[in-house]
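# Structural description and commentary
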Amino acid sequence: MNVSIIIVTKDRWELLEDVVEYLQRHRQYYKEIVVIDNASKEDPPKSIKAKPNLNMVKLPSNVGVSEGRNIGAVNAKGDLLCFIDDDGYLDMSKIDEVKNKFEVSDKLGVVSFGIKDVSQMQDPTEVDFETDDQAVQFVQSHTFQGGACLINKEAFVDAGMYPEDFHYGTEERDLSMRLIDRGYSIKKTEDIVLLHYNPSKAIADGIYNPSHYYRNTIRYYWRNYPLEYAVVETALKIPSAILRSLSSENRRAYAHGLLTGLLLIPSTIVNDRDPVSRDSYKQQKRLKEASLAERTVSLIRDTIQR
């Protein structure tokens, strides 16, 4: 199975140039790089466009991360879609092990990788992941990291791809729900890591808008959940959103996102609603609870060791 690396970017050529330079040193692990230019103000540097096996798709307007990744998938030639952020270095040394997992299971939908935030980009010729010879360990998961994952293209299309109008935020949960409903599994591993440059810069660059989270979360419920669960989850989300908006410097954005999501419920029901089965909902719920329990145990263990 061939791998297409898909990167969505906008006005971040300097960061992307280093990422592409890093990937060029690991060309044996992938078929191509597909770069979706989300209507950048400046043209990409020639040093990027001239790279071998790199397909640059220029969009006339900023369609957001969700639709941008969908466009990348449509333009990709590989059987597996490797989505990474435009400021991330992915450890490529064990990608073949992940490919093998897909090759032996046509119902494996996604493998999610770990993310480690770094304060500054490294020289692409000096990135060191300190890998070992141990086999990659996988565990079942309820969702995945959208900017650090490998997805079966056939499963991605079968599940309807990302909701185009989410722009950014919660699109992974939406896709995960529909993958599970169609019988695909989601796995994660912390043995393969993406080094991610200063996440606060994403807010400064306008990539992440806090209002999207609550707007998209409410829409996610009403797009996918059986009716009674959509009502309950929405009722539970309202007080937590209000409390968060009161305690955050982004209070207006959070409040706006919640209000927008609530106002969009009627149109979401009319235009987008395609609920999963109750069994699928409960399965994702169980997987989420197991993941939270695992994370809690890990935090306690780390605290004790310190």
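Remember, predicted model here, so these are calculated numbers, not experimental data.

Definitions and cut-offs
- Residues numbered from 1 in each chain as written.
- Predicted model: local features only at pLDDT ≥ 70, side-chain atom pairs only at ≥ 80, totals over all residues.
- Heavy atoms only, no water.
- Helix = DSSP H or I, 4+ residues; strand = E, 2+ residues; numbered from the N terminus.
- Expected span 1.5 Å × (residues − 1).
- Buried < 20%, exposed > 50% of the residue type's maximum accessible area, 1.4 Å probe, protein only.
- Contact = heavy atoms within 4.5 Å.
- Core = buried A, V, L, I, M, F, W, Y, C linked by side-chain atoms within 4.5 Å.
- Axes fitted to C-alpha atoms, helices over the stretch in contact; angles between N-to-C directions.
- Parallel < 35°, antiparallel > 145°, perpendicular 65-115°, else oblique.
- Left-handed = near helix turned anticlockwise from the far one by under 90°.
- Nonpolar A, V, L, I, M, F, W, Y, C, P; charged D, E, K, R; others polar.
- Phe/Tyr/Trp six-rings, centres within 6.5 Å; stacked < 30°, edge-to-face > 60°.
- Patch = residues over 30% accessible without salt bridge, like charges linked within 9 Å, V, L, I, M, F, W, Y side chains within 5 Å.
- Areas by Shrake-Rupley, 256 points an atom, 1.4 Å probe, with all protein chains shown as cover.
- Salt bridge = Lys/Arg side-chain N within 4 Å of Asp/Glu carboxyl O.

On to helix α12 (residues 278-305), then. For α12, spanning 28 residues, the distance from its first C-alpha to its last is 41 Å, which sits close to the expected 40 Å at 1.5 Å a residue. Every buried residue belonging to α12 is among Ser-280, Tyr-281, Gln-284, Leu-287 and Ser-291, and all of these are buried. Looking at the packing, one finds that the buried side of α12 touches β7 (139-140), α6 (171-181), β9 (185-197), α8 (210-224) and α9 (227-247).

Attention now goes to the nonpolar core. Proteins that are soluble and globular tend to have nonpolar side chains buried together. Ile-5, Leu-23, Ile-84, Leu-90, Met-92 and Phe-113 are the most contacted members of the largest nonpolar core, which has 38 residues in total. Once you skip the residues sitting within four places of it in the chain, Ile-5 turns out to touch Leu-23, Tyr-30, Glu-32, Ile-33, Val-34, Cys-82, Ile-84 and Met-92. By size, the runner-up hydrophobic cluster in this structure holds 27 residues, among which are Ile-6, Val-57, Leu-59 and Leu-175.

The subject of this paragraph is the packing of α6 against α12. Remark: α6 packs on α12, axes separated minimally by 9 Å, with the N-to-C direction vectors making an angle of 120°. Accordingly, the angle class assigned to the pair α6 and α12 is oblique. For the pair α6 and α12, the sense of crossing is right-handed. Contact residues: Arg-173, Ser-176, Met-177, Ile-180 and Asp-181 in α6; Ser-280, Tyr-281, Gln-283, Gln-284, Leu-287 and Lys-288 in α12. Residues that form the contact of α6 with α12 fall into these classes: 4 nonpolar, 4 polar and 3 charged.

Moving on: the packing of aromatic side chains. Evaluated as defined, the whole model comprises 11 aromatic pairs. Aromatic side chains Tyr-220 and Tyr-221 sit 5.8 Å apart centroid to centroid with 45° between the ring planes, which places their arrangement in the tilted category. Consider the rings of Tyr-220 and Tyr-225, whose centres lie 5.1 Å apart with planes at 65°: the pair is edge-to-face. Take Tyr-225: its relative accessible area is 5%, and that puts it in the buried class.

This brings us to a nonpolar patch on the surface. A surface patch of nonpolar side chains, amounting to about 320 Å² of accessible area, comprises Ile-242, Leu-243 and Leu-246. Mapping Ile-242 onto the fold places it in helix α9.

For the coordinates displayed, the defined rule picks out 14 salt bridges. Put simply, Asp-272 and Arg-219 hold a salt bridge, and the shortest N to O gap is 2.6 Å. Placement of Asp-272 in the loop between α11 (265-271) and α12 and of Arg-219 in helix α8 is noted, with a sequence separation of 53 residues between them. Judged by relative accessible area, which is 25%, Asp-272 ranks as partly exposed. The salt bridge involving Glu-233 is made with Lys-285; its shortest N-O contact spans 2.9 Å. Of this pair, Glu-233 sits in helix α9 while Lys-285 sits in helix α12; the two residues are 52 residues apart in sequence, bridging distant segments of the chain. Among the charged side chains, a network of salt bridges with common partners joins Arg-12, Asp-86 and Asp-87.

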